[in-house]
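Structural description and commentary
If you want the building blocks of each chain, they are given just below.
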Amino acid sequence: MRKVEFHLKFFMCVTQSRQLVRTPQRTAEEASTSSMLIQKPPSGTDALESLDTVDDPDTVEGIPIIENEWIMTHEEHHEAKTLGIGKAIAVLTSGGDAQGMNAAVRAVVRVGIYTGARVFFVHEGYQGLVDGGDNIQEATWESVSMMLQLGGTVIGSARCKDFREREGRLRAAHNLVKRGITNLCVIGGDGSLTGADTFRSEWGDLLSDLQKSGKITAEEATKSSYLNIVGLVGSIDNDFCGTDMTIGTDSALHRIIEIVDAITTTAQSHQRTFVLEVMGRHCGYLALVTSLSCGADWVFIPECPPDDDWEEHLCRRLSETRNRGSRLNIIIVAEGAIDKQGKPITSEDIKNLVVKRLGYDTRVTVLGHVQRGGTPSAFDRILGSRMGVEAVMALLEGTPDTPACVVSLSGNQAVRLPLMECVQVTKDVTRAMDERRFDEAMKLRGRSFMNNWEVYKLLAHVRPPKSKSGLHTVAVMNVGAPAAGMNAAVRSTVRIGLIQGNRVLVVHDGFEGLAKGQIEEAGWSYVGGWTGQGGSKLGTKRTLPKKSFEQISANITKFNIQGLVIIGGFEAYTGGLELMEGRKQYDELCIPFVVIPATVSNNVPGSDFSVGADTALNTICMTCDRIKQSAAGTKRRVFIIETMGGYCGYLATMAGLAAGADAAYIFEEPFTIRDLQVNVEHLVQKMKTTVKRGLVLRYLVPGLLLSEEEQQSDFGPGQTASLAGTPCGVCGYSAGEPGPWEEMGLGGTKPTELGGGRGGGGQRPAQASVSPAGMRSAMRTTPLTSSSTCTLRRGRASSTAGRTCWATCSRWGRHTMLSPDGRRKPQPSRSLPVASHLLVADGAATARACRLCSHRSTSLYLEMA
């Protein structure tokens with residue numbers, strides 16, 4: 001199952017209320033955990049079994065799973081459309097705001113409406129629930145438009161003292177009963193979710209009191225006999241146990257990394273030390289991942305206080321960094337950092353220490369609430385959307401016996417966990433830190449947190465040995481197209497290799513450089529500052545090794561290379577396979593090598609997530625946000641955005657979901673002209689509402705999909721006067737700095753990019769990259785009816801060796817010329833019939849069927865090239 005399939009089906013539901021199909025996803029720990037942490041399996045143990053990090057598929061960190069992510073088959077989608085009829089759902093946000101909350105609210109509203117339920121906004125959190133009146137309003141499909149890319153929470157959030165009292169909860173129950181609301185989705189932190197569970201446990205008694213006082217009737221009490229509660233965790237601190245990521249954490253990390261990158265430039269100019277304080281009163285997740293991403297010299301987190309003599313260690317560490325040629329030092333401090341005795345460690349304390357003992361020019365920057373603000377990242381938009389869908393299904397499937405649950409992220413799967421068990425574990429962490437049981441607090445945070453901590457210590461705190469023990473000589477190289485995060489992966493590889501006493505070589509320009517001997521030894525400081533730089537510092541090319549086996553073998557012997565780390569996409573995979581084939585002829589190639597997936601398209605097998613995909617996705621989302629803003633200002637305009645991706649629709653699908661597009665055309669999902677007509681009709685109807693703009697995504701090499709100009713004609717005024725303009729945009733080789741996850745490289749773990757299954761896409765199939773003008777002609781000039789069965793064919797274009805193939809569909813009647821490599825050539829000046837479709841030949845002068853309408857014909861004209 002390709003990873004884009006789930007996201008495509010969910011995307012269709014949220015945007016156009018079309019068929020919804022959900023596919024199961026595996027529940028593995030993040031795939032990005034550094035391989036250096038994997039222990040050698042005991043003898044007699046299956047190697048694959050030893051790499052399984054899931055102790056129990058039915059639990060998450062010991063908390064039992066109530067139910068896995070909602071699964072719907074093709075035959076069950078009609079049932080989903082009626083699942084919510086006669087029911088009402090209320091959604092509120094409470095506590096501190098977090099980027100991505102709006103995405104969750106949007107998903108709850110649209111999926112709720114899709115199922116036939118009535119959905120209500122509760123403005124100003126629990127205070128609005130208590131006050132009632134205009135604070136509780138019914139939501140519509142259009143009311144959540146343009147909400148996806150906004151930070152904070154559009155429906156407001158407030159900390160409510162009234163709700164903590166029974167009288168306040170009584171008023172809240174009255175407001176819900178009068179509107180027939182028996183399902184409540186709460187988006188907030190552990191305090192907000194605890195309040196929701198208390199509200200549910202008292203529901204029966206509250207109804208009895210309301211009925212006795214005459215505020216509700218017996219009939220109303222019967223209809224509202226029980227209250228279903230589902231929680232979504234919105235917190236930038238990622239301090240809730242039971243979920244790998246909370247809504248808002250990824251966006252907060254992006255804000256922090258942007259500031260760190262900006263500070264780095266000024267710090268280098270003046271040789272300064274900067275102390276950055278980030279949020280995290282009871283959880284050091286932001287500080288830890290930031291340190292891992294930017295390569296900070298030191299980090300202070302509340303879960304793991306430094307040793308008693310930390311002042312001496314810190315100063316020695318900063319001095320060593322300067323002595324190796326670095327012009328700056330970066331220290332990250334969580335606002336809740338403490339020492340072993342529980343005494344707070346403040347930013348000012350650290351500054352004064354560095355100035356007093358080392359005399360370095362030191363400055364303090366407290367980031368504060370800037371971490372909460374700004375546009376949500378693509379990850380948070382998708383996370384919020386997926387959790388919102390799961391929350392609606394949990395509410396509608398709930399019974400009086402169903403416990404209150406919280407929707408969590410485990411690996412790449414959304415799961416439902418018992419709400420109060422997760423809250424209790426979260427409180428246990430705080431209690432353990434208060435009682436100075438720090439080892440237990442680290443374990444309660446989970447494997448991901450502990451792995452991140454161990455890897456950070458390896459990359460930053462462990463000093464490399466002065467003399468190499470000569471264990472191995474390992475080379476690292478980049479292959480294929482550049483991807484953000486490649487440099488971070490190289491840095492991690494080099495430093496871990498050095499820590500283990502190995503000699504590490506870097507190869508410039510991929511396999512071509514390996515053949516030419518462009519190899520040099522790398523030391524610890526060689527890769528300093530690489531984490532925040534985009535592209536490939538080593539250089540990378542798409543050249544494969546097969547034609548240079550002799551030179552490569554000679555250089556492997558010359559430099560005594562005993563292991564090879566290849567960082568790249570399909571070229572890296574293909575090159576690795578070619579090296580394996582070359583072992584039959586060259587013994588020098590019989591060395592171990594490892595491939596790290598790094599491609600913006602995320603189209604390589606064996607991995608849910610590849611280095612570079614997250615940064616590319618955020619770049620696309622940023623572009624789409626600006627385009628949507630332009631479309632909203634001009635009105636009645638549809639934009640068609642082309643993304644990269646080759647024959648994998650991951651970027652187009654995920655960007656469509658994160659940016660709120662109306663449609664996404666991808667290689668993996670066949671579609672017919674009838675589907676195009678449905679999309680156009682959807683856009684026409686949309687222009688009649690208050691939302692007078694449209695967004696359509698397609699990927700870069702779509703085989704027989706439309707070109708930009710053709711899609712512009714299809715969706716433009718030639719099709720209908722209702723669509724005033726259809727500009728096209730191409731998100732091609734957009735450069736950018738890597739985000740926090742790419743900067744981590746091999747250094748840490750992150751929940752996989754919400755991609756289900758075993759990885760998306762495949763190698764480019766043998767097919768022509770042709771965009772027939774027939775789709776434009778068919779949609780502009782031909783009335784489309786249910787009898788028009790124009791199905792896209794993916795067979796190779798008709799061409800024979802040394803010939804140019806002309807094919808004419810007698811139904812449509814226009815010549816299209818293909819060169820022997822399957823690419824369309826300009827039509828010659830001589831007059832030819834004007835038509836649209838293309839026939840497929842099988843290499844001989846025998847026509848098969850029209851590539852677009854499946855019409856069979858024998859009218860085929862071949863001309864010698």
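Because the structure is predicted, anything quoted here is derived from the model rather than measured. (Residues numbered from 1 in each chain as written. Predicted model: local features only at pLDDT ≥ 70, side-chain atom pairs only at ≥ 80, totals over all residues. Heavy atoms only, no water.)

1. A few points about the overall build of the chain
- Counting secondary structure elements, the chain contains 27 helices and 27 strands.
- A burial count over the chain gives 58% of its 865 residues as buried.
- Looking at the chain alone, contacts between residues at least 24 apart form 78% of all its contacts between residues at least 6 apart.
- Split by element, the accessible area of the chain, about 33500 Å² in all, is 50% carbon and sulfur. (Helix = DSSP H or I, 4+ residues; strand = E, 2+ residues; numbered from the N terminus. Buried < 20%, exposed > 50% of the residue type's maximum accessible area, 1.4 Å probe, protein only. Contact = heavy atoms within 4.5 Å. Areas by Shrake-Rupley, 256 points an atom, 1.4 Å probe, with all protein chains shown as cover.)

2. Side note on the pattern of salt bridges
- All chains considered together, the criterion is met by 22 salt bridges.
- In this structure, Arg 381 and Asp 625 form a salt bridge, with 2.6 Å as the shortest nitrogen-oxygen distance. Taken together, the positions of Arg 381 in helix H14 (residues 378-396) and Asp 625 in helix H22 (residues 613-634) put the pair 244 residues apart, joining distant regions of the chain.
- Counted as one network, the salt bridges with shared partners bring together Arg 272, Asp 361 and Arg 363. (Salt bridge = Lys/Arg side-chain N within 4 Å of Asp/Glu carboxyl O.)

3. Considering the side chain of Glu 668
- Position of Glu 668 among the secondary structure elements: in the loop between strand S20 (663-665) and helix H24 (673-687).
- The buried category is assigned to Glu 668, whose relative accessible area is 17%.
- Within the structure, the side chain of Glu 668 is placed 3.0 Å from the backbone nitrogen of Gly 649, a separation counted as a polar contact. (Polar contact = N/O pair within 3.5 Å; in protein donor to acceptor, adjacent residues only side chain to side chain.)

4. What about helix H16 (residues 438-445)?
- Along H16, the residues classified as buried are Phe 438, Ala 441, Met 442 and Arg 445. Down the axis, H16 shows its buried residues gathered within 100 degrees of arc, on one side only. Residues of H16 that are exposed and point more than 90 degrees away from the buried face comprise Asp 439 and Lys 443. (Arc of directions from axis to C-beta.)

5. A few points about the pairing of strand S4 (residues 118-122)
- Buried residues dominate S4, accounting for 4 of its 5 residues.
- In terms of handedness, the path from strand S3 (residues 88-93) via helix H4 (residues 101-114) over to S4 forms a crossover that is right-handed.
- Sheet topology note: the S4/strand S5 (residues 136-138) ladder contains 3 bridges and is antiparallel. Bridge pairing in S5 links Phe 121 to Gln 137. (Right-handed = clockwise from strand over helix to strand, strands pointing away. Pairing = 2+ DSSP bridges.)

6. Regarding the confidence of the model for the chain
- For the chain, per-residue confidence averages 76 on the pLDDT scale, and residues scoring 70 or more make up 71% of the total.
- Confidence drops under a pLDDT of 50 for residues 702-726, and excluding neighbours within four residues, the segment shows 82 contacts in the predicted structure.
- Every residue in residues 746-865 scores below 50 in pLDDT, and together they form 337 contacts with partners more than four places removed in sequence or on other chains. (pLDDT = per-residue confidence, 0-100.)

7. What to know about the packing of H14 against helix H23 (residues 650-659)
- Packing of H14 against H23 brings their axes to within 8 Å, and their N-to-C directions diverge by 75 degrees. In terms of orientation, H14 lies roughly perpendicular with respect to H23. Two secondary-structure elements touch here, H14 through Ala 378, Arg 381 and Ile 382 and H23 through Met 654, Leu 657, Ala 658 and Ala 659.
- Among the residues forming the contact of H14 with H23, the class breakdown is 6 nonpolar, no polar and 1 charged. (Axes fitted to C-alpha atoms, helices over the stretch in contact; angles between N-to-C directions. Parallel < 35°, antiparallel > 145°, perpendicular 65-115°, else oblique. Nonpolar A, V, L, I, M, F, W, Y, C, P; charged D, E, K, R; others polar.)

8. As for the sheet that holds strand S12 (residues 405-410)
- The strand order S5-S4-S3-S6-S7-S12-S13 describes an open sheet built from 7 strands, whose pairing is mixed. Every interior strand has two partners, whereas the edge strands, S5 and strand S13 (413-418), have only one. For this sheet, the mean angle separating the axes of adjacent strands, direction not counted, is 25 degrees.
- Judged from the 6 bridges that link them, S12 and S13 form a sheet pairing that is antiparallel. When the sheet's bridge partners are listed, Ser 410 is paired in S13 with Gln 413.
- Sitting on the sheet, helix H15 (residues 419-434) touches S12 and S13, and the angle it makes with S13 is about 85 degrees.

9. What about the side chain of Ser 347?
- Tracing the backbone shows Ser 347 in helix H13 (residues 347-358).
- Accessibility expressed as a relative area gives 3% for Ser 347, which makes it buried.
- A polar side-chain atom of Ser 347 sits 2.8 Å from a polar atom in the side chain of Glu 277.

10. Section: the sheet that holds strand S15 (residues 503-507)
- Taken in spatial order, the 5 strands line up as S16-S15-S14-S17-S18 in an open sheet, and their pairing is mixed. The outermost strands of the open sheet, each flanked by one partner alone, are strand S16 (519-521) and strand S18 (593-597). When the angles between neighbouring strand axes are averaged without regard to direction, this sheet yields 25 degrees.
- By the bridge criterion, 3 bridges tie S15 to S16 in an arrangement that is antiparallel. From the neighbouring strand, Val 507 faces S16, where its bridge partner is Ile 519.

11. Notes on a positive patch on the surface
- A grouping of Arg 159, Lys 161, Arg 164 and Arg 281 is seen on the molecular surface, where their side chains present a positively charged patch.
- For Arg 164, the position within the fold is in the loop between S5 and helix H6 (166-178). (Patch = residues over 30% accessible without salt bridge, like charges linked within 9 Å, V, L, I, M, F, W, Y side chains within 5 Å. Lys, Arg positive; Asp, Glu negative; His and termini not counted. Charge placed at Lys NZ, Arg CZ, Asp CG, Glu CD.)

12. Re H13
- The terminal C-alpha atoms of H13, which comprises 12 residues, lie 16 Å apart, in line with the 16 Å expected from a rise of 1.5 Å per residue.
- For H13, the complete set of buried residues consists of Ser 347, Ile 350, Leu 353 and Val 354. Projected down its long axis, H13 shows its buried positions confined to an angular sector of 125 degrees, all on one face.
- Packed against the buried residues of H13 are strand S8 (273-278), strand S9 (298-300), helix H12 (310-323), strand S10 (329-334) and strand S11 (362-366).
- Downstream of H13 by a residue or two, Gly 359 has a phi angle that is positive, lying close to 75 degrees. (Expected span 1.5 Å × (residues − 1).)

13. Details of a negative patch on the surface
- A contiguous patch of negative charge on the surface is contributed by Asp 307, Asp 308, Asp 309 and Glu 312.
- Its place among the elements puts Asp 309 in the loop between S9 and H12.

14. Regarding the environment of Val 479
- Mapped onto the fold, Val 479 is located in strand S14 (residues 473-479).
- You can call Val 479 buried: its relative accessible area is 0%.
- C-alpha separation for the pair Val 479 and Tyr 573, spaced 94 residues apart in sequence, amounts to 9.3 Å.
- Excluding residues within four positions of it along the chain, Val 479 makes contact with Met 486, Gly 510, Phe 511, Thr 540, Lys 541, Ile 566, Ile 567, Gly 568, Gly 569, Glu 571 and Ala 572.

15. Things to note about the packing of aromatic side chains
- Per the stated rule, a full pass over the model turns up 10 aromatic pairs.
- Seen from their ring centres, Phe 199 and Trp 203 are 5.6 Å apart, and the 90 degrees between their planes marks the pair as edge-to-face.
- On the basis of an interplanar angle of 80 degrees and a centroid distance of 5.2 Å, the ring pair of Phe 300 and Trp 310 is categorised as edge-to-face. Of this pair, Phe 300 sits in strand S9 while Trp 310 sits in helix H12, placing them 10 residues apart in sequence. For the pair shown, Phe 300 and Trp 310 are each scored as buried.
- Aromatic rings pair up to connect Tyr 126, Phe 163, Phe 199 and Trp 203 into one cluster.
- Above the plane of the ring of Tyr 360 lies Arg 322, whose end atom (NZ or CZ) is 4.3 Å from the centre. (Phe/Tyr/Trp six-rings, centres within 6.5 Å; stacked < 30°, edge-to-face > 60°. Lys NZ or Arg CZ within 6 Å of the ring centre and 35° of its normal.)

16. Things to note about unusual backbone geometry
- Its identity as a non-glycine residue notwithstanding, Arg 436 has a phi of 60 degrees, on the positive side.
- Here Arg 436 lies in the loop between H15 and H16.
- Phi is positive for Asp 509, which is not a glycine, with a value near 60 degrees.
- Mapped onto the secondary structure, Asp 509 falls in the loop between S15 and helix H19 (510-516).

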